[in-house]
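Each chain, written out:
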Amino acid sequence: MTETPDTKIEEQAQARREALEAAMAALSPKITDPLAQQAAAMMMEDLRAYLQAFEQVALAASAKAMTLVLKDSAAGEAALKAIQDQQQETLSFAKGVTDLATIIRTQFRDPA
């Protein structure tokens, strides 16, 4: 279920980050610090909402998988494994968002 990262997507994301950094660097720190704080806060709030929704879906999927274990243990175990894999991928995604929010916040911090 886990795929190798698409280098084209990674390159595009890096180009967007560099463009954002250049645009923010051109602004005064008195503007960039509040903007960076707001961007990081919004990213974390979006992540919180995403994780909350994922939790609800994962709970329902887990209940279905547990029911499936009673009917067909092999299929149920495969379903539980798929849910576990998705949870790991979601945690990796959350770490990536958190890291990026931290970078944005610290990189544009007002030195004053």
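Within every chain, residues take consecutive numbers counted from 1 along the sequence as written. In view of the model being predicted, local features appear only for residues whose pLDDT reaches at least 70, and side-chain atom pairs are presented and counted only at 80 or more, with totals across whole chains, interfaces and linings using the full set of residues. The side-chain numbers reported here are obtained from all heavy atoms of the structure, hydrogens and water having been left aside.

A closer look at the side chain of Thr-90
- Under the scheme used here, helices are H or I runs from DSSP no shorter than 4 residues and strands are E runs no shorter than 2 residues, and both carry numbers assigned from the N terminus. Positionally, Thr-90 belongs in helix α3 (residues 73–107).
- When neighbours within four sequence positions are excluded, Thr-90 is seen to be in contact with Tyr-50, Leu-51 and Phe-54. The contact rule is simple, with two residues in contact once any of their heavy atoms fall within 4.5 Å.

Structural notes on the packing of aromatic side chains
- Here the aromatic set is Phe, Tyr and Trp, taking the six-membered ring for Trp, and pairing holds for ring centres within 6.5 Å; pairs whose planes are under 30 degrees apart are stacked, those over 60 apart are edge-to-face, and all others are tilted. Counting across every chain of the model gives 1 aromatic pair.
- Between Tyr-50 and Phe-93, the aromatic rings sit 5.3 Å apart at their centres with planes inclined by 65°, giving edge-to-face as the arrangement. On the criterion of sequence distance, the pair formed by Tyr-50 in helix α2 (residues 29–71) and Phe-93 in helix α3 is long-range, its members being 43 residues apart.
- Burial classes follow relative accessibility: with a 1.4 Å probe on protein chains only, a residue under 20% of its type's maximum area counts as buried, one over 50% as exposed, and anything between as partly exposed. With relative accessibility at 38%, the residue Tyr-50 sits in the partly exposed group.

Quick look at the nonpolar core
- Within this scheme, the nonpolar core is defined by two criteria: the residues are buried Ala, Val, Leu, Ile, Met, Phe, Trp, Tyr or Cys, and they are joined through side-chain atoms within 4.5 Å. Core analysis: the largest hydrophobic core is formed by 10 residues, namely Met-24, Ala-36, Ala-40, Met-43, Leu-47, Ala-94, Val-97, Ala-101, Ile-104 and Phe-108.
- Counting only elements with at least two residues in this core, the list comes to α2 and α3.

So, the pattern of salt bridges
- Salt bridge, as applied in this entry: a Lys or Arg side-chain nitrogen positioned within 4 Å of an Asp or Glu carboxyl oxygen. Considering all chains together, one arrives at 3 salt bridges under this definition.
- A salt bridge links Glu-45 to Arg-48; the shortest N-O distance between them is 2.6 Å. Of this pair, Glu-45 and Arg-48 both sit in helix α2, 3 residues apart, which is roughly one turn of the helix.
- You can call Arg-48 partly exposed: its relative accessible area is 41%.

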